[in-house]
Amino acid sequence: MKLRFLLLSLFFATAMFAQNGTVTGTILDKEFNNEPLAFANIVIKGTKQGTSTDENGKYSISLKPGNYTIVIGYLGYETKEIAFTIKANEKKVINHTLVASGVQLQDIEIVHIVSKEKESALLQEQQKAVEIKQSIGAEEISKKGIGDVAAAVAKTSGISKQEGSSDIYVRGLGDRYNSTTMNGLPLPSNNPSTKNMSLDVFSTDIVEYIGIDKTFNYKNYGDFAGANVDIVSKTYRGSGMVEVGTGTGFNSNAISQNKFYLQDGPNFHGFSNQAIPSNPLAGYNFTTSWDKQAVTPVNGSFYLRGGDSYGIGSNGKLSFFVNASFDNGYTYKEGARRGSVNTQAIAGKDFFRQSYEYSTGSNAMANINYKINSNHNIKFNSMYINSTSQKHEEFRGIIDIFDAAPDGGGFVRRSTFERTSLLINQLLGNHTLGNRTNFDWGVSYNMMSNVIPDRMQNTFVPLDNDNPNVSPLIVSNLNKSDNHRYFQDMTDDELAGNFTLTYKFGKREDDTFKGKLIAGYSGRYKEINFDATQFNFKINSQEIIDINNIDGYFNQNSFNLGYFDIQTFRGGLSVPNALSPQNYNGQQIISAGFGAIEYQFTPKLFVIAGFRSEYIIQDIFYSTSLKTGKKLTDTVEYLPSLTAKYEVSEKQNIKFAASKTYTLPQFKERAPFLFEEVGQSYFGNENLYNSTDYNFDLKWEMFPKNGEVLSFTGFGKYIQNPINQVTVASATNDISWVNSGEKAIGLGIEGEWRKSIISKENITTGEKTNLGFGLNVSYLYTNQDLDTQKVIVENPGISVAFTNQESRLSGASDLLINSDLSFNKEFKNDKSLTATLAGGYFSDRIYALGVTGKGDLVDSEVITVDFILKFNLSKNIGIGFSAKNLTDPTIERKQDIQDIVVDSYKKGRNFSLSMKYSF
């Protein structure tokens, strides 16, 4: 009887199930070239039935026969309702392409909502892409409390940030091997010493996500071997929003000082530019004081942002986003600073350094996006950035072991204010021309100004070298540049454009395509100009000086008495062109054509074969204290690339990439101009030439579930004629740049793991609890040969004698580790809590190569830990707390063979509180 009942029940259940139909389909994203849209919401109107699209934009729902309306939605996109009828055993296919809109999802039970700024959405982009790519989005940036783009990039695998500078190292390769773009268009450098814009001038407030391509893409410029960092600015979607925020904080080192000192002249907000005075050689006409000024070292920040969207006609939409922000920060460092260390471990210069530092950042951005219709979109970005740094440094000790304060007691003070102003203007367009053809374009015009107005340096020595610690100080007359004021003005204006045409072919039955043909052009025209004038105070009378009243010596009365004369490197008042600045200027033109074929050979195998050709012109003209002349170069580079992806399963990929690229010397490296710092000078080498780079990557990646990833990447770099910074064999031990050997190699492996440990949701209250863990590890082996004879032959007048015949690459840490643990709790009534503990580690790395028996300069390993807490009290109000650099490690640089510390300090811990209000 029981058996009969069970069989009968099974029969009716099977019959009922068999009567159901299935609605299925694929949802595409019009805003992203009709790519599949993951996590779109699919709901049957008037029911509790619904689902979300998978990674490929597909969905499927089982329904009883009847009439229904399917509702397709995604946050920030137009909601689409489609009526349909389904019969028993019928498979109804409903495909749709969503377009962005300011309309909010209403009257729908939302199954799942994601933003393209979220980690999960970016991981989906990573999984779908044929290329090997990595991104960090606004959600992750906020969670980790990251304030600038440089710090954000350094949180990704295989990337570290050089202490004391804005330079990043990718797989051991520094600034010269990397490139920086914004929305795919190139950015200028803000420093004559670097190729790339300092990433720390970009506040993360303006970022939607940061794309990091560690493999060469045929659409990018070929001056590449490490990574291309693309900053994608925010595009607003949704209804109107205004948000205001403020914050305060302090650095433990800075706040603990009895008094905090900066130079006279620059103002609090950083909008200063002290001009060269009139008649600077005829008299003492400088208006700013040599004496330091006391300030209160409390950090602050403020921002105001807002956006809105408006419908235009039946299909158009206009949206805008504006952001304005200001932040500042004080830091203090102290410790040993040594220079000119010989093979017997004796330092020619031996100081105790105190450094008072102050920085500001002001950002203003306007973004306008006009969607003409579902086929045409135009976007305009304009951004102004003003970033400044002040550094007031005091050095006490041995200035020169042979000539100046040889037994100690010397005093050197240098005050430097540096300001960078950058105006970025971009116009971009995306156009769909039928169901097969897309045309994308972008043009930009950027203007950059970098000034060092009125850098001040003083050098004082003991009157009595036999009792240096109690002797009064007198003004040094050892070198004319011991006491000086320096003015620098650099401009970098650039016009650039990208134009890409894509044609799809190989149409399938489901209206998708097997392949694409891509052809395009990109070009950039750069003009650079660098002027520098240094006013040296030639000391004629070594008077006793009071370091707290330096103005008591350097004034008009002392000038009249003949205590000093004022000269430039060209001479004094009697020299006709004495006020002509040292200058180098030039132009760089890169004109490139590219093409590629993307093809899906099988359901699992995707291949991109690309080719790029670049015609490069780099002309430089110079008139400096070292030399007057010009250097004109032009070359053509042919750059093939191959990328492939094999889908092992729906959740696993194997990716491969290989390419040829090049490395171009920078203007400063080729201009024979003498850059002077305390204890070190640099000059350019006009005989530098391009390096050639070969790049290989093999990656396995698995995406266990939404928001999770496990991946391993093996990579290799082979660089012909690598460029290195070296110490020239000379009395002054100046530094220059040379093609240091025949080859350099880098081999390594990277691993990344993102795991959701706890993910809970209370359906009744809507409360959610998430605990996530992230880890990325990179191990790197590098080696380069160092050929003294090659350098001497290729560079007449430059002599080097490498200590070693081979070495690691400069800036390359063998081991890099970044990790974070994040807890998120969403309460009812729009309350939420996010807490993140993040840590980082990098092992020893070479800063500069050793010569003439001296060891390499090596930066010691560093461990850092940060804690970030954010709490939303309501939908409108949020507060935050951060504690950064909690370990406060000693930052140390050693000369390795002699085993002597040449630089040592602690950065201090940083604490901050913030509050925001949105409406």
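Residues numbered from 1 in each chain as written. Predicted model: local features only at pLDDT ≥ 70, side-chain atom pairs only at ≥ 80, totals over all residues. Heavy atoms only, no water.

In this section: the overall build of the protein. Counting its regular elements, the protein contains eight helices and 52 strands. In terms of C-alpha radius of gyration, the protein reaches 31 Å, essentially the compact-globule figure of 29 Å for 919 residues. Within the protein, the proportion of its 919 residues that are buried is 54%. Counted over contacts in the protein with a minimum sequence separation of 6, partners at least 24 positions apart contribute 70%. Of the accessible surface of the protein, which amounts to about 38300 Å², a share of 55% is contributed by carbon and sulfur atoms. Counting 90 positive and 97 negative side-chain charges, the protein places the centres of these two groups 9 Å from one another. (Helix = DSSP H or I, 4+ residues; strand = E, 2+ residues; numbered from the N terminus. Rg over C-alpha atoms; globule rule 2.2 N^0.38 Å. Buried < 20%, exposed > 50% of the residue type's maximum accessible area, 1.4 Å probe, protein only. Contact = heavy atoms within 4.5 Å. Areas by Shrake-Rupley, 256 points an atom, 1.4 Å probe, with all protein chains shown as cover. Lys, Arg positive; Asp, Glu negative; His and termini not counted. Charge placed at Lys NZ, Arg CZ, Asp CG, Glu CD.)

As a further point, take the packing of aromatic side chains. For any pair of aromatic rings, geometry is given as the distance between the ring centres together with the angle between the planes. All told, the structure shown has 38 aromatic pairs when counted by the stated rule. With a centroid separation of 5.5 Å and 45° between ring planes, the pair formed by F554 and F564 is classed as tilted. You can see F554 sitting in the loop between β29 (544-545) and α6 (556-560) and its partner F564 sitting in strand β30 (residues 564-567), a full 10 residues away along the chain. Put simply, the rings of Y284, F286, W290, F487, F535, F537, Y553, F554, F559, Y563 and F564 touch in pairs and so form one group of aromatic residues. The ring centre of Y303 lies 3.9 Å from the NZ or CZ of R305, which sits over that ring. For the cation-ring pair, R893 lies above Y847, with the distance from its terminal atom to the ring centre recorded as 3.6 Å. (Phe/Tyr/Trp six-rings, centres within 6.5 Å; stacked < 30°, edge-to-face > 60°. Lys NZ or Arg CZ within 6 Å of the ring centre and 35° of its normal.)

Let us look at the pattern of salt bridges. Within this structure, the stated rule accounts for 33 salt bridges. As a salt-bridge pair, K92 and E90 come within 3.6 Å of each other at their nearest N and O atoms. As a salt-bridge pair, D903 and R353 come within 3.7 Å of each other at their nearest N and O atoms. In this pair, D903 sits in strand β51 (residues 900-906) while R353 sits in strand β22 (residues 347-373), placing the two residues 550 residues apart along the sequence. In this structure D903 comes out as buried when scored by relative accessible area, which is 10%. Look at the salt bridges and you will find they share partners, linking K292, E394, R396 and R413 into a network. (Salt bridge = Lys/Arg side-chain N within 4 Å of Asp/Glu carboxyl O.)

What follows concerns empty space enclosed by the protein. The tally for this structure, following the rule as stated, stands at nine cavities of 30 Å³ or more. Considered as a void within the structure, the largest cavity measures approximately 370 Å³ in volume. Lining the largest cavity are 30 residues, with L187, K195, R524, K526 and Q588 sitting closest to its centre. Going through the elements one at a time, β13 (179-182), β27 (484-507), β28 (513-539), β31 (582-600) and α7 (667-670) are the ones with two or more residues in the lining of the largest cavity. (1 Å grid on protein atoms, 1.4 Å probe; cavity = no way out; pocket = protein on both sides within 12 Å on 5 of 7 lines; lining within 4 Å. Points joined across faces, edges and corners; volume = space filled by probe spheres on them.)

For a regular strand, side-chain orientation follows a simple rule: the groups alternate between the two sheet faces. Bridge analysis of strand β37 (residues 691-702) against strand β38 (residues 709-720) gives 11 bridges, and the strand direction is antiparallel. Among the inter-strand pairings, D693 is bridged to a residue of β38, identified as I719. The loop that links β37 with its antiparallel partner β38 comprises six residues; one of these, G707, has a positive phi angle of about 85°. As paired strands, β38 and strand β41 (residues 743-761) are joined by 12 bridges and run antiparallel to one another. Of the residues in β41, the one forming a bridge with F712 is G751. (Pairing = 2+ DSSP bridges.)

By the element assignment, E750 lies in strand β41. Excluding residues within four positions of it along the chain, E750 makes contact with S157, G158, R171, K214, S711, F712, T713, F715, V777 and S778.

Strand-to-strand pairing in sheets goes through backbone hydrogen bonds, with the strands running parallel or antiparallel. The strand order across the open sheet built from four strands is β4-β3-β6-β7, with neighbouring strands paired in antiparallel fashion. Only two strands of the sheet have a single partner each, and these edge strands are β4 (50-52) and β7 (80-86). Taken pair by pair, the neighbouring strands of this sheet meet at an average axis angle of 20°, ignoring direction. Where strand β3 (residues 41-44) and β4 come together, three bridges link them in antiparallel fashion. From the neighbouring strand, V43 faces β4, where its bridge partner is G50. (Axes fitted to C-alpha atoms, helices over the stretch in contact; angles between N-to-C directions.)

In this structure, β31 lies alongside strand β32 (residues 605-623), joined through 18 bridges in antiparallel fashion. Bridged to Y584 within β32 is Y622. Of the strand pairs in this sheet, β32 and strand β33 (residues 628-649) are connected by 19 bridges, and their pairing is antiparallel. If you follow I616 over to β33, its bridge partner there is T635.

To continue, consider a nonpolar patch on the surface. Taken together, the side chains of Y310, I312, L318, I368, Y370, I372, F380, L427, V443, F499 and Y521 define a hydrophobic patch exposed on the protein surface, amounting to about 840 Å² of accessible area. Looking at the nonpolar patch, the elements with two or more residues in it are β20 (299-312) and β22. At three residues, β22 tops the list of elements feeding residues into the nonpolar patch. Within the secondary structure, I372 is located in strand β22. (Patch = residues over 30% accessible without salt bridge, like charges linked within 9 Å, V, L, I, M, F, W, Y side chains within 5 Å.)

Among the secondary structure elements, S272 is positioned in the loop between β18 (260-262) and β19 (293-295). If we ignore the near neighbours within four places in the chain, the residues touching S272 are G265, P266, N267, F417 and R419.

Note on placement: F802 falls in the loop between α8 (788-794) and β43 (806-807). A C-alpha to C-alpha distance of 38 Å links F802 and F611, two positions 191 residues apart in sequence. Beyond its immediate chain neighbours, meaning those up to four positions away, F802 contacts V726, S740, L786, D787, T788, V791, L849, G850, V851 and T852.

In this fold, A150 is placed in helix α4 (residues 149-153). Linking A150 and F202, residues 52 residues apart in sequence, is a C-alpha distance of 8.1 Å.

Right, let's get into the sheet that holds strand β14 (residues 185-186). Taking strand neighbours across the sheet as the criterion, the five strands line up as β10-β15-β16-β13-β14 in an open arrangement whose pairing is mixed. Here the strands that pair on one side only, and so sit at the sheet edges, are β10 (134-137) and β14. In this sheet, strand β15 (residues 207-213) lies alongside β10 in antiparallel orientation, the contact comprising four bridges. The partner of I136 across the bridge, within β15, is I210.

Let us look at the environment of N804. When you line up the elements, N804 lands in the loop between α8 and β43. Residues N804 and Q784, spaced 20 residues apart in sequence, show a C-alpha to C-alpha distance of 10 Å. Other than its neighbours up to four places away in sequence, N804 contacts L786 and D856.

We now examine the nonpolar core. In this structure, V153, F202, I210 and Y584 are the most contacted members of the largest nonpolar core, which totals 49 residues. Sort the elements by how many residues they give to this core and α4 lands first, with four residues. Counting residues in hydrophobic clusters, the runner-up holds 22 residues, among them I545, I550, Y553 and F564. (Core = buried A, V, L, I, M, F, W, Y, C linked by side-chain atoms within 4.5 Å.)

Before going further, it helps to examine unusual backbone geometry. Residues other than glycine seldom take positive phi values, yet N89 does so here, at roughly 65°. The topology assignment puts N89 in the loop between β7 and β8 (91-93). In the Ramachandran plot, T852 falls in the positive-phi region, its phi being about 45° despite a non-glycine side chain. Topologically, T852 is positioned in the loop between β46 (845-848) and β47 (857-859). With relative accessibility at 39%, the residue T852 sits in the partly exposed group.

Here the focus is the confidence of the model for the protein. Confidence along the protein averages 87 in pLDDT terms, with 93% of residues attaining 70 or more. Between residues 1-18, whose pLDDT stays under 50, and residues either more than four places distant or in other chains, the model counts one contact. Across residues 102-115 the pLDDT falls below 50, and counting only partners more than four positions away or on other chains, this stretch makes 38 contacts in the model. (pLDDT = per-residue confidence, 0-100.)

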